[in-house]
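Per-entry structural report
This is what each chain is made of:
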Amino acid sequence: MSRPSLRYDRWEFEAKVGALLSSLQILPKKPELYTLACIHRSVLNEAHMGYTESNERLEFLGDAVLEVSVTEALFHQFPEKPEGELTDIRSALVRGRNLAQIAATLGFSSAIQLSRGESLALGQENPYILANTLEAIIGAIYLDQGFDVARAFIARHVYSTLPRILAEGLFVDPKSHLQEVTQAIWGITPTYIVAEEEWADHNKIYKISVSLGEIELGVGKGSSKKKWEQDAAENAIANRGVWEKQITLPKKVIEN
């Protein structure tokens, strides 16, 4: 008996998506939109399983809905802030790492349909896949129930992370902030390298590593090197308490 080519049978997958929607208190008018939102592109390699479309178009739409919703909310909440600062805060809110953490917390990992190979590689825990699926769900909500409902979902689950982002200073450009830290303490600029490259359905995926000397500070992974250098820097900032103790480089002498 041959092994299944996908993570879930179709009926099991639809049940998982239904359970996710129930936990999110979403009552779908068109359930097929949400099912599509949870189909990763790796599934299309298994043509005999009957899937002909992935969530990428819904992700594209959801990304736009997310950005305009967050932009509008920031515009009204901070009338005194200039455009540049609002842009930095918005970037932190919609950044892949933040979206992936939200998706993981909401239980998206259990409802993503993957190829068997991607599932064995723990694709359901991949921040890139989680973030994209959340954007696709937002796109599905927009098509199914309109902008106001989509905006309310974003406010409840994404915009609600704003206090933490402000408190932790995550709205500051991560690469610039990390460089300021390492320059101030050791007088050295961190180095970014492509640690791995892989192909997924004709799209190149990069794993970016940021290091100081021999010590890895953080990693990022995705289809854009520039975007995921920022993500690697943000990962490094979040883990500063770990790697700062490991660095044996001489510190700068600070003159009073």
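A quick note: this is a predicted structure, and the numbers were derived from the prediction, not measured. (Residues numbered from 1 in each chain as written. Predicted model: local features only at pLDDT ≥ 70, side-chain atom pairs only at ≥ 80, totals over all residues. Heavy atoms only, no water.)

**Comments concerning helix α10 (residues 174-186)**
- For α10, which comprises 13 residues, the first-to-last C-alpha distance of 18 Å matches the rise-based estimate of 18 Å (1.5 Å per residue) to within 8%.
- Buried residues of α10: Pro-174, Leu-178, Val-181, Thr-182, Ile-185 and Trp-186, and no others. Around the axis of α10, the buried residues are gathered within 90° of arc, so they sit on the same side.
- Downstream of α10 by one or two residues, Gly-187 has phi in the positive range, about 70°. (Helix = DSSP H or I, 4+ residues; strand = E, 2+ residues; numbered from the N terminus. Expected span 1.5 Å × (residues − 1). Buried < 20%, exposed > 50% of the residue type's maximum accessible area, 1.4 Å probe, protein only. Arc of directions from axis to C-beta.)

**Section: the layout of surface pockets**
- Considered as a void within the structure, the largest pocket measures approximately 390 Å³ in volume.
- Lining the largest pocket are 17 residues, and of these Ser-91, Val-94, Arg-95, Gly-96 and Lys-227 lie nearest its centre.
- The set of elements that each furnish at least two residues to the lining of the largest pocket consists of α3 (56-77), α4 (83-94), α7 (127-145) and α11 (225-238).
- Element by element, the count of residues in the lining of the largest pocket is highest for α4, at four residues. (1 Å grid on protein atoms, 1.4 Å probe; cavity = no way out; pocket = protein on both sides within 12 Å on 5 of 7 lines; lining within 4 Å. Points joined across faces, edges and corners; volume = space filled by probe spheres on them.)

**Things to note about unusual backbone geometry**
- A positive phi angle, close to 60°, is found at Gln-25, a residue other than glycine.
- Turning to its location among the elements, Gln-25 is positioned in the loop between α1 (10-23) and α2 (31-37).
- The class for Gln-25 is exposed, based on a relative accessible area of 70%.
- One non-glycine residue, Leu-122, adopts positive backbone phi at about 60°.
- With respect to the helices, strands and loops of the structure, Leu-122 is situated in the loop between α6 (116-120) and α7.

**Details of α11**
- Its 14 residues give α11 an end-to-end C-alpha distance of 20 Å, which sits within 8% of 20 Å, the value for a rise of 1.5 Å per residue.
- Among all positions in α11, only Trp-228, Glu-229, Gln-230, Asp-231, Ala-232, Ala-233, Glu-234, Asn-235 and Ala-236 are buried.

**Concerning the pattern of salt bridges**
- Throughout the structure, instances matching the rule amount to 10 salt bridges.
- Among the salt bridges present, the one from Glu-72 reaches Arg-151, with a minimum N-O distance of 2.8 Å. Remark: Arg-151 occurs in helix α8 (residues 147-157) and Glu-72 occurs in helix α3; sequence separation between them is 79 residues.
- Among the ionic contacts, a cluster of salt bridges with common partners joins Glu-72, Asp-148 and Arg-151. (Salt bridge = Lys/Arg side-chain N within 4 Å of Asp/Glu carboxyl O.)

**A few points about the nonpolar core**
- Core analysis: the largest hydrophobic core is formed by 53 residues, its most contacted members being Tyr-34, Leu-74 and Leu-93.
- Elements with a minimum of two residues in this core: α1, α2, α3, α4, α5 (96-105), α7, α8 and α9 (162-167).
- At nine residues, α7 tops the list of elements feeding residues into this core.
- Counting 17 residues, the second-largest nonpolar core is a separate cluster that includes Tyr-128, Ile-185, Tyr-206 and Leu-217. (Core = buried A, V, L, I, M, F, W, Y, C linked by side-chain atoms within 4.5 Å.)

**Focus: the packing of α3 against α4**
- It is the contact of α3 with α4, at a shortest axis distance of 10 Å, that shows an interaxial angle of 135°. Considered as vectors, α3 and α4 are oriented oblique to each other. Crossing angle aside, the handedness with which α3 passes α4 is right-handed. Here α3 contributes Leu-66, Glu-67, Val-70, Thr-71 and Leu-74 to the contact with α4, which in turn contributes Leu-86, Ile-89, Arg-90, Leu-93 and Val-94. (Axes fitted to C-alpha atoms, helices over the stretch in contact; angles between N-to-C directions. Parallel < 35°, antiparallel > 145°, perpendicular 65-115°, else oblique. Left-handed = near helix turned anticlockwise from the far one by under 90°. Contact = heavy atoms within 4.5 Å.)

**Here we look at the environment of Asp-148**
- When you line up the elements, Asp-148 lands in helix α8.
- For the pair Asp-148 and Ser-115, spaced 33 residues apart in sequence, the C-alpha to C-alpha distance is 34 Å.
- Of note is the side chain of Asp-148, whose polar atom sits 2.7 Å from the side chain of Arg-151. (Polar contact = N/O pair within 3.5 Å; in protein donor to acceptor, adjacent residues only side chain to side chain.)

The analysis is restricted to geometry; functional conclusions fall outside its scope.
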